[in-house]
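# Analysis of the macromolecular model
Residues per chain are reported as follows:
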Amino acid sequence: MAQRASTASKKSAQVSTQVIKDLHERMVRIRLFETEAGKLMEAGKLPGFLHLYVGQEAVAAGVMAALRDDDQITSTHRGHGHAVAKGVGFREMYAELYGRVTGACLGRGGSMHINDLTRGMLGANGIVGAGVPIAVGAAFAARYKGEDSVAVTFFGDGATNIGTFHEGANMAAILGLPVVFVCENNGYAEFTPQSGHMLLTDVADRAAAYGMPSVIVDGMDAVAVHRAATEAVARARSGAGPMMIEAKTYRYFDHQGVKGLRHPYRSDEEVAEWRARDPIDLIEARAVADGTATRAELDDVWRRTRDEIAQAIAYAEASPLPDPADLLLNVYSG
Amino acid sequence: MTTTEAPAVATRKLTYVKAFNEGLAQAMREDENVFVAGEDVAGYGGVFRMFDNLLDEFGPRRMIDTPISEAALVGLGVGAAARGLRPVVDLMFMDFIGVCLDQIVNQAAKMKYMFGGALSVPLTITTASGAGLGAAAQHSQSLEAWLAHVPGLKVVMPCDAYTAKGLTVSAIRDDNPVVVMLNKVLLGSTSEVPEEIYGIPLGRAHTARQGSDVTVIALGRMVGEALAAADELAAEGVEIEVIDPRTVQPLDTETMFASVRRTNRVLVVHEAVTFGGLGAEIAAQIQDAAFDYLDAPVLRIGAPFSPVPFSPVLEKAYVPDRARIAQGCRRLLERS
Ligand SMILES: Cc1ncc(C[n+]2csc(CCOP(=O)(O)OP(=O)(O)O)c2C)c(N)n1
């Protein structure tokens, strides 16, 4: 029978200094990657769509810090944060946003399709819910080959209304596969609030329907996410089967692009309330207060990351465009 | 042959997306049984502004925001249509039909047939197709060939604002499931659109430009490209006839055959992948019906056999354009 811890316990707060620093760095990397990408988009430098992840950093950082390189993830249309946190390089990511041949998909994929097999990043996805069964398949492969890697699938609250989520969850449960289902509940599916697309308050309740345990965490608190993810990953790795984590979080920018509030579907006050609980501010305040890191050390992370990003953007801009003569590249193997 | 029931005089220009919106609103006023369902269509007015202001006028009974559940969305339309309503369900991007293909292909399309004709499924599915926005492989496809292959479905591809309105109205009035493939790149384009409600007959082609040297049969957005190519070729003394089928299922082949008998040369152009595309069907039918009139084999222009690439430089090379159409016409004319 599925059980659910009401929320992840606050007590087992034993997280090492190293983990705090790791979470912080992963979040800063996402934040800066995304805000710079947003600026490039607004400056008209990037083609296509850009679904920014800013605000949700604690989820990607918390989960990815619990994974190994050989663990696999599947992501969504809002996938940059997952990719950055999983260790995909800034250069190939920016180059992809620019449509350059040096990009993660050789310029063929763009923002919604970034992937990196060397990092276990099985791809962002333009089709809502499509990554869920793919993660189930990756977990199946791990067990089949006798490896102990796990697969994590990220999806939004809105995605849990689509068949692939339900079919994937049931399949993972019945086969007892090492999959961690991570719902990033940012309260909206595009412009529709959660209350407009499901009658549940907690997406985690859906896990029970498949006999899958679940836990709800504060998705603005990277430590809380990390703790829950560590448990779920250990559980999956040990062969105990899938589990769902619902992280309550928020996206600061619009569904697509930076600001496009054509029809305001949420209030400025609501955005401000969430921003007041910024995940990076939270971890920095905690780190400084308990002596984990000095302000100067934290600032140094921002500075180093900014430099790295400036170089990556310069690299992307200097990179060659793909050659139209190669239009049929990689349609098939062999 | 007249190709439209529309009033002859249009008084103003309208964008493609506004023309669609106006036709839909008028069809909703005309028939109380018409309702619209889809993701973000009501409160937000649709991600492409297709449904702007309709919630204000028609209210939440007739403008329904749904969860991201395309199979259930199309199924909702099928069931409601079977019970006498005239649903308009929106699939946002055509690429998402993969998620709900069973409901379209096995349910909507076959229901009348399998019920021995006892009911009809007056369902309209609206969606946006086409490349050109850097939207990449999962948001840019033109999948008309998938749908046109299925008996029981109708498929329309408006090439401008005028046809967007008229074909939408006809789709809603039609007693069969009709997929309206709007083109993303055309959304902001304008043409003259009559204010009153009008339908453009489904299954009748339109001769967009008359000419004597080559017949260019162009689908959807390629009509505009073909007309531009015709201007270019006119300067070289070559007269191109441009035929817009408007409806790709059912397909008005008679208009095409008649044109071929006059020009003796045919080029078919579509945005979709050439292999297994509608160009193959059209070429085969022309060869069957008008072989003796052809001075050259029917030429097809479409996309290469690859997913739609992201990088603008690749996307531009991928999608057929006026230059490739003009080049194709010249090649046809070079053959004796
Ligand atoms: C099958 C499918 N339907 C619809 C869309 C359009 N779409 C893209 S993102 C999105 C909302 C997703 O909401 P959610 O899963 O909550 O993720 P979030 O955007 O909030 O991160 C929709 C409807 C799509 N890409 N794929």
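Residues numbered from 1 in each chain as written. Chains lettered and ligands numbered in written order. Predicted model: local features only at pLDDT ≥ 70, side-chain atom pairs only at ≥ 80, totals over all residues. Heavy atoms only, no water.

Okay, the overall build of chain B next. Helix and strand counts for chain B come out as 12 helices and 14 strands. Its C-alpha radius of gyration of 19 Å places chain B within 12% of the 20 Å reference for a compact globule of 336 residues. Considering only C-alpha atoms, chain B reaches an extent of 60 × 45 × 40 Å along its principal axes. A total of 336 residues make up chain B; the buried ones form 60% of that total. For chain B, contacts bridging at least 24 residues in sequence account for 82% of all contacts bridging at least 6. Taken as a whole, chain B presents about 12,400 Å² of accessible surface, with 53% of it coming from carbon and sulfur. The positive charge centre, built from 29 side chains, and the negative charge centre, built from 40, are 1 Å apart in chain B. (Helix = DSSP H or I, 4+ residues; strand = E, 2+ residues; numbered from the N terminus. Rg over C-alpha atoms; globule rule 2.2 N^0.38 Å. Buried < 20%, exposed > 50% of the residue type's maximum accessible area, 1.4 Å probe, protein only. Contact = heavy atoms within 4.5 Å. Areas by Shrake-Rupley, 256 points an atom, 1.4 Å probe, with all protein chains shown as cover. Lys, Arg positive; Asp, Glu negative; His and termini not counted. Charge placed at Lys NZ, Arg CZ, Asp CG, Glu CD.)

All names here are of chain B. Look at helix 3 (residues 70-82) against helix 4 (residues 101-108): their axes get within 8 Å of each other, and the N-to-C directions meet at 25 degrees. When the axis of helix 3 is compared with that of helix 4, the two are roughly parallel. Residue-level inspection shows Ala71, Val74, Gly75 and Val78 of helix 3 in contact with helix 4, the latter providing Gln103, Ile104 and Ala108. For the contact of helix 3 with helix 4, the residue count by class is 5 nonpolar, 2 polar and no charged. (Axes fitted to C-alpha atoms, helices over the stretch in contact; angles between N-to-C directions. Parallel < 35°, antiparallel > 145°, perpendicular 65-115°, else oblique. Nonpolar A, V, L, I, M, F, W, Y, C, P; charged D, E, K, R; others polar.)

All names here are of chain B. Spatial strand order, 3-2-4-5-7-6-12: 7 strands in an open sheet with mixed pairing. Looking at which strands have only one partner, the edges of the open sheet turn out to be strand 3 (63-65) and strand 12 (247-249). Taking the axes of each pair of neighbouring strands and ignoring which way they run, one obtains an average angle of 20 degrees across the sheet. In terms of strand pairing, strand 6 (residues 154-156) meets strand 7 (residues 178-183) through 3 bridges, oriented parallel. Within strand 7, the position partnered with Val156 by the bridge is Val180. Packed onto the sheet, helix 1 (residues 16-30) meets strand 2 (34-38), strand 3, strand 4 (86-93), strand 5 (124-129) and strand 7 and runs at close to 130 degrees relative to strand 2. (Pairing = 2+ DSSP bridges.)

Let's shift gears to the UniProt feature "domain: Transketolase-like pyrimidine-binding" (unreviewed entry) in chain B. Those residues carrying the UniProt feature "domain: Transketolase-like pyrimidine-binding" (unreviewed entry) are residues 14-189 of chain B in this numbering. Within the segment residues 14-189 of chain B, helix and strand shares are 38% and 19% respectively, and the terminal C-alpha atoms sit 8 Å apart. (UniProt positions renumbered as here; feature names shortened; annotations may be inferred.)

A separate point is the site of the ligand. Taken together, 22 residues form the shell around the ligand, and within it His77, Arg78, Gly158 and Tyr188 of chain A together with Glu70 of chain B come nearest. Surrounding the ligand is a set of residues that belongs to chains A and B. In the model, an oxygen atom of the ligand is placed 2.8 Å from a nitrogen or oxygen of the Gly158 of chain A main chain. Here a nitrogen atom of the ligand sits 2.5 Å away from a polar atom, N or O, in the side chain of Glu70 of chain B. Counted by class, the shell around the ligand contains 10 nonpolar, 7 polar and 5 charged residues. (Near = heavy atom within 4 Å. Polar contact = N/O pair within 3.5 Å; in protein donor to acceptor, adjacent residues only side chain to side chain.)

Time to look at the interface of chain B and chain A. Accessible area lost upon the coming together of the parts serves often as the stated size of an interface. Each partner contributes residues to the interface: chain B has 35 residues there, and chain A has 38 residues. Of the roughly 2,900 Å² buried at the junction of chain B and chain A (both faces included), carbon and sulfur atoms supply 66%. Ranking the residues of chain B by area buried against chain A places Tyr44, Ile68 and Phe310 of chain B at the top, with a combined share of 25%. In this structure, the connection of chain B to chain A is made through 0 salt bridges. Where chain B packs against chain A, one counts 11 residue pairs in polar contact (both at pLDDT 80 or more). Of all the secondary structure elements, the ones that give two or more residues to the side of chain B that touches chain A are strand 4 and helix 11 (312-318) of chain B. With 5 residues, helix 11 of chain B is the single largest residue contributor to the side of chain B that touches chain A. (Buried area = accessible area lost by both parts, 1.4 Å probe. Salt bridge = Lys/Arg side-chain N within 4 Å of Asp/Glu carboxyl O.)

All names here are of chain B. The buried count for strand 14 (residues 299-303) comes to 4 of 5 residues, which makes it a mostly enclosed element. In this sheet, strand 14 lies alongside strand 13 (residues 266-273) in parallel orientation, the contact comprising 4 bridges. Opposite Leu267, over in strand 14, you have Leu299 as the bridge partner. In this view, the connection linking strand 13 to its parallel neighbour strand 14 by way of helix 10 (residues 278-290) has right-handed handedness. (Right-handed = clockwise from strand over helix to strand, strands pointing away.)

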